[in-house]
Amino acid sequence: MNIVKIRGMAIGEGRPKICVPVTGRTREEIALRLEELLRAGADLAEWRADWYGEVFERAKLLEILDFLCGELKGLPLLVTFRTREEGGNQEISQEAYREFLDTVTASGRADLIDVELFRGEELLKEVCLKAHKTGVAVVASSHNFAGTPDKGEIIRRLCRMQECGADLLKLAAMPQNAEDVLILLSATWEMKEKYARQPLITMSMGGTGIVSRLSGEIFGSALTFGSAGVASAPGQIGVSELRNVLDLLHRSQTE
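Residues numbered from 1 in each chain as written. Predicted model: local features only at pLDDT ≥ 70, side-chain atom pairs only at ≥ 80, totals over all residues. Heavy atoms only, no water.

**Quick word on the packing of aromatic side chains**
Counted under the stated rule, the structure contains 3 aromatic pairs. On the numbers, 6.0 Å between centres and 55° between planes, the contact of Trp47 with Tyr52 is tilted. Trp47 sits in the buried class, given a relative accessible area of 0%. In this structure Tyr52 comes out as buried when scored by relative accessible area, which is 2%. Ring centres 5.6 Å apart and planes at 65° place the aromatic pair Phe81 and Phe100 in the edge-to-face group. One end of the pair, Phe81, is in the loop between β5 (77-80) and α3 (94-107); the other, Phe100, is in helix α3, and 19 residues separate them in sequence. Residue classification places Phe81 among the buried positions, given a relative accessible area of 0%. (Phe/Tyr/Trp six-rings, centres within 6.5 Å; stacked < 30°, edge-to-face > 60°. Buried < 20%, exposed > 50% of the residue type's maximum accessible area, 1.4 Å probe, protein only. Helix = DSSP H or I, 4+ residues; strand = E, 2+ residues; numbered from the N terminus.)

**A closer look at the layout of surface pockets**
Any empty space left between the atoms is revealed when a probe the size of a water molecule rolls over them. In this model, the largest pocket occupies a volume close to 200 Å³. Along its surface, the largest pocket is lined by 16 residues, and Gly12, Lys192, Gly220, Ser221 and Ala222 are the ones closest to its centre. Residues of the lining of the largest pocket, tallied by class, amount to 6 nonpolar, 5 polar and 5 charged. (1 Å grid on protein atoms, 1.4 Å probe; cavity = no way out; pocket = protein on both sides within 12 Å on 5 of 7 lines; lining within 4 Å. Points joined across faces, edges and corners; volume = space filled by probe spheres on them. Nonpolar A, V, L, I, M, F, W, Y, C, P; charged D, E, K, R; others polar.)

**Re unusual backbone geometry**
In this structure, Arg7 is a non-glycine residue whose phi angle is positive, near 50°. With respect to the secondary-structure elements, Arg7 resides in the loop between β1 (4-6) and β2 (9-11). Of note, Lys73 is a non-glycine position whose phi angle comes to about 50°, a positive value. Checked against the element boundaries, Lys73 lands in the loop between α2 (58-72) and β5.

**Some words on the packing of α3 against helix α4 (residues 121-133)**
At a minimum axis separation of 10 Å, α3 and α4 run at an interaxial angle of 15°. With respect to α4, the axis of α3 lies roughly parallel. The chirality of how α3 crosses α4 is right-handed. On α4, the residues that touch Gln94, Tyr97, Arg98, Leu101, Asp102 and Thr105 of α3 are Leu123, Glu126, Val127, Lys130 and Ala131. Taken together, the residues of the contact of α3 with α4 break down into 5 nonpolar, 2 polar and 4 charged. (Axes fitted to C-alpha atoms, helices over the stretch in contact; angles between N-to-C directions. Parallel < 35°, antiparallel > 145°, perpendicular 65-115°, else oblique. Left-handed = near helix turned anticlockwise from the far one by under 90°. Contact = heavy atoms within 4.5 Å.)

**Details of empty space enclosed by the protein**
A complete count under the given rule lists 2 cavities of 30 Å³ or more for this structure. Approximately 50 Å³ is the volume attributed to the largest cavity. Lining the largest cavity are Ile11, Leu44, Leu78, Leu112, Val139, Leu168, Lys170, Ile201, Leu223 and Phe225. At the level of elements, β8 (168-173) and β10 (223-225) are the ones that each hand at least two residues to the lining of the largest cavity. When its residues are assigned to classes, the lining of the largest cavity shows 9 nonpolar, no polar and 1 charged.

What follows is the structure, encoded as structure tokens:
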């Protein structure tokens with residue numbers, strides 16, 4: 001499997017990396033979330049641009065990207081606009097979504113950019129080509145808040161992301177019971193063992209799915225999301241607790 005290297009950090013090697021989302025409707029709120037993230041000691045930051053009230057103003061968008069880069073001081077930055085359909089905070093047209101992705105990719109400020117699979121495979125392919133020319137890695141993503149797809153569908157989605165050229169393949173689903181968590185973990189393991197050329201990021205959301213956020217190294221997920229103040233998705237736990245468990249499981253795999 002390929003290892004994705006971002007600013008010296010290797011995703012797909014060693015223990016799963018911890019990403020902390022940065023939310024906030026204003027620059028002041030974003031600054032507060034950044035302080036919490038830096039104190040927590042995350043491996044990388046995800047700016048959830050769909051929270052930002054002025055995200056559709058290009059000058060303001062670039063200004064915040066500059067601010068984030070300055071404050072993060074070399075910590076890798078993933079930029080995400082999560083659409084309303086997949087759990088985000090604002091509506092966005094297809095044209096505006098494409099423009100957002102183009103602006104962020106060309107800005108030179110993002111290390112990684114999130115692109116939702118169901119916004120169209122042609123768009124995903126296009127962004128992958130543009131991003132790779134500028135040294136930006138692409139996280140293709142799919143989110144199900146209503147339930148968990150069957151094992152075959154999970155694998156099919158991840159394979160489609162990979163075929164489109166994405167560097168990291170992400171799928172999150174909401175379990176209705178413990179069996180749904182097992183379905184996601186089993187699909188992750190099979191994808192890793194049989195089909196994956198790129199690192200996977202999978203998680204079962206909510207309290208029932210917390211085990212999936214902790215056991216990535218065992219089943220094949222290379223990155224997990226933790227919180228440092230405000231969680232951006234159901235089931236996220238604090239960075240300190242998360243790191244302790246990930247380190248424990250990592251030691252058990254290497255002893």
